[in-house]
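The lines below spell out each chain.
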Amino acid sequence: MKVVILGLGSVGRGVAEQIAKKDLGITITGIADSKSGCIDNNGIDVTEVLETKRTTGVCGNKKISAPDILQKATYDVLIEVTPTNAITGEPALGYIKTALAHKKHVVTSNKGPIALAYRELMALAAKNGVALRYEATVGGAIPIMHTLEQGLAGNEIIALYGVLNGTCNYILTRMAAEGLTYEQALMEAREMGYAEADPTYDVKGIDAAIKLVILANTLWDNDAKLADVDLTGIDLLTPDALRLAEDEGCTIRLIAEASPCQHLLRVSPRIIEKDHPLVVDGTLNALTLETDMAKEITLIGRGAGSTPTASAIIGDLLCIRDRYDKRP
Ligand code: HSE
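Please read all numbers here as calculations on a predicted model, not as lab measurements.

(A) Main features of the nonpolar core. Core analysis: the largest hydrophobic core is formed by 72 residues, its most contacted members being Leu78, Leu100, Leu160 and Ile171. Looking at this core element by element, the count peaks at 10 residues for helix H10 (residues 206-220). Sequence-distant contacts of Leu100, that is, excluding residues within four places in its chain, are made with Val106, Leu121, Leu124, Ala125, Asn128, Val130, Ala131 and Leu132. If you look at the next biggest cluster of nonpolar residues, it comprises 29 residues, including Val15, Leu24, Ile44 and Leu50.

(B) Fine view of the domain arrangement of the protein. As far as domains go, the protein holds domain 1 (2-140 + 307-324) and domain 2 (148-302). Between the C-alpha centres of domain 1 and domain 2 there is a distance of 27 Å. In this assembly, 16 residues from domain 1 lie in contact with 20 residues from domain 2. When the two sides are added together, the surface that domain 1 and domain 2 hide from each other amounts to roughly 1500 Å², 56% of it contributed by carbon and sulfur. It is Lys111, Arg119 and Val138 that lose the most area in domain 1 upon contact with domain 2, and together they represent 35% of the buried surface on that side. Inspection of the domain 1/domain 2 interface yields six salt bridges. Notably, a salt bridge pairs Glu149 with Arg133, separated by 3.0 Å at the nearest N-O pair. Where domain 1 meets domain 2, there are five residue pairs in polar contact (both at pLDDT 80 or more).

(C) Looking closely at the site of the ligand. Around the ligand, the neighbouring residues are Lys111, Asn165, Gly166, Thr167, Tyr194, Ala195, Glu196, Asp202, Asp207, Lys211, Gly303 and Ala304. In the environment of the ligand, an oxygen atom lies 3.5 Å from a nitrogen or oxygen atom belonging to the side chain of Asn165. Within the side chain of Thr167, an N or O atom sits 2.6 Å from an oxygen atom of the ligand. The pocket occupied by the ligand, as judged from atoms lying within 2 Å of grid points, is the largest pocket. Counting residues per element, the ones that place at least two in the shell around the ligand are helix H7 (166-178) and H10. Of the residues contributing to the shell around the ligand, the split by class is three nonpolar, four polar and five charged.

(D) Layout of the environment of Met187. As for its placement among the helices and strands, Met187 is situated in helix H8 (residues 182-191). In this structure Met187 comes out as exposed when scored by relative accessible area, which is 52%. For the pair Met187 and Ile171, spaced 16 residues apart in sequence, the C-alpha separation works out to 9.1 Å.

(E) A look at the sheet that holds strand S3 (residues 37-39). Taken in spatial order, the six strands line up as S3-S2-S1-S4-S5-S6 in an open sheet, and their pairing is mixed. On the outer flanks of this sheet lie S3 and strand S6 (132-133), each paired with one strand and no other. Of the pairings in the sheet, the one linking strand S2 (residues 27-32) to S3 comprises three bridges and is antiparallel in character. Across the sheet, Gly30 pairs through a bridge with Ile39, a residue of S3. Sitting on the sheet, helix H1 (residues 10-21) touches strand S1 (2-6), S2 and strand S4 (77-80), and the angle it makes with S1 is about 155°.

(F) Representation of the layout of surface pockets within the structure. In this structure, the largest pocket spans a volume of roughly 1200 Å³. If you go around the largest pocket, you meet 50 residues; those closest to its centre are Val11, Thr82, Pro83, Thr84 and Glu196. Of all the secondary-structure elements, those providing two or more residues to the lining of the largest pocket are H1, H7, helix H9 (200-203), H10 and helix H12 (306-325). Top element by residues in the lining of the largest pocket is H1. It accounts for four residues.

(G) Up close: the packing of H7 against helix H11 (residues 239-247). Where H7 meets H11, the axes come as close as 10 Å, and the angle between the chain directions of the two elements is 70°. Judged by the angle between their axes, H7 and H11 are roughly perpendicular. Side by side, H7 and H11 meet where Leu172, Met175 and Ala176 of the first sit next to Pro239, Leu242 and Glu246 of the second. Of the residues belonging to the contact of H7 with H11, the class tally is five nonpolar, no polar and one charged.

(H) Highlighting the pairing of strand S9 (residues 250-259). The buried fraction of S9 amounts to 10 of the 10 residues, a majority that puts the element mostly inside the structure. Pairing analysis gives three bridges linking strand S7 (residues 157-163) to S9, with the strands arranged antiparallel. By the bridge assignment, Tyr161 is partnered in S9 with Glu257. Counted along the chain from S9 to the antiparallel partner strand S10 (residues 264-273), the turn is four residues long, and its residue His263 has a positive phi close to 50°.

Conventions we followed
- Residues numbered from 1 in each chain as written.
- Predicted model: local features only at pLDDT ≥ 70, side-chain atom pairs only at ≥ 80, totals over all residues.
- Heavy atoms only, no water.
- Core = buried A, V, L, I, M, F, W, Y, C linked by side-chain atoms within 4.5 Å.
- Buried < 20%, exposed > 50% of the residue type's maximum accessible area, 1.4 Å probe, protein only.
- Helix = DSSP H or I, 4+ residues; strand = E, 2+ residues; numbered from the N terminus.
- Contact = heavy atoms within 4.5 Å.
- Domains from an automatic or database assignment.
- Buried area = accessible area lost by both parts, 1.4 Å probe.
- Salt bridge = Lys/Arg side-chain N within 4 Å of Asp/Glu carboxyl O.
- Polar contact = N/O pair within 3.5 Å; in protein donor to acceptor, adjacent residues only side chain to side chain.
- Near = heavy atom within 4 Å.
- 1 Å grid on protein atoms, 1.4 Å probe; cavity = no way out; pocket = protein on both sides within 12 Å on 5 of 7 lines; lining within 4 Å.
- Sits in = over half its atoms within 2 Å of the grid points.
- Nonpolar A, V, L, I, M, F, W, Y, C, P; charged D, E, K, R; others polar.
- Pairing = 2+ DSSP bridges.
- Axes fitted to C-alpha atoms, helices over the stretch in contact; angles between N-to-C directions.
- Points joined across faces, edges and corners; volume = space filled by probe spheres on them.
- Parallel < 35°, antiparallel > 145°, perpendicular 65-115°, else oblique.

So this is what it looks like as structure tokens:
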């Protein structure tokens, strides 16, 4: 299976490294970062490209851009991991549409296009007989979409509740455990590289709300939009509020919740008992799915980071290979 990678930040690098390291039968024929690109339809030497990127800041030829790669490289799957734009979805949205229209599968970690144009993109993929997979957009390494498709197939999902933003969870954990101020904890989270480029997306709950929209559309196809989410962040939370919760044997977590029968789409800080399954520490994410047959299922795992996100992307790639590549 031949793939091209658009975006060579932390996620793109993680994916390229794992493809180079593991014998997965995947050949990379094109890579682009924001300033350059390289194409080799016989297979790129990934180690060399990553070293070039590390030492020079660019991965290849400055005359080759992401659109060139979509036009000129030979590939079966586009791995779209450019930075997220939650307002327009661009340029990722255009890249994804181009690939789907050319009957190429797409795997992405990019939340913007999926949250903004879910129905349009899924319809385009179906029309062209290809897959659009986005496991890495929600919950990092946690196999939420795979669990819904396979393990929970046939279940009705009645509601979901979860911790979907690692940065907020880290801040709340550090404020409660070490008595750090909100600003100190946010600075640490930024240093760890988990926060969005603009961390107000994290702390105002926007990132969690975008992920909630993606989950709601996946589960219920209800054309949910970011503006439909009742949103409160953690940016105004004080150490006193956390101390008061502690006094009651509780803590505070930023919880995303959705239930179609209650017309509920909400992200807000919630006081919860410390032994509740959603009280995970640090940058972990957690999601409880309430279903008719399996009842409650809670998934916990790393919600961000280069290699955990690469895990979700590679899971999607191998799913495509198994479903489409081996067709007679
Ligand atoms: N900023 C996000 C988080 C990264 O903290 O969860 C993963 O989407």
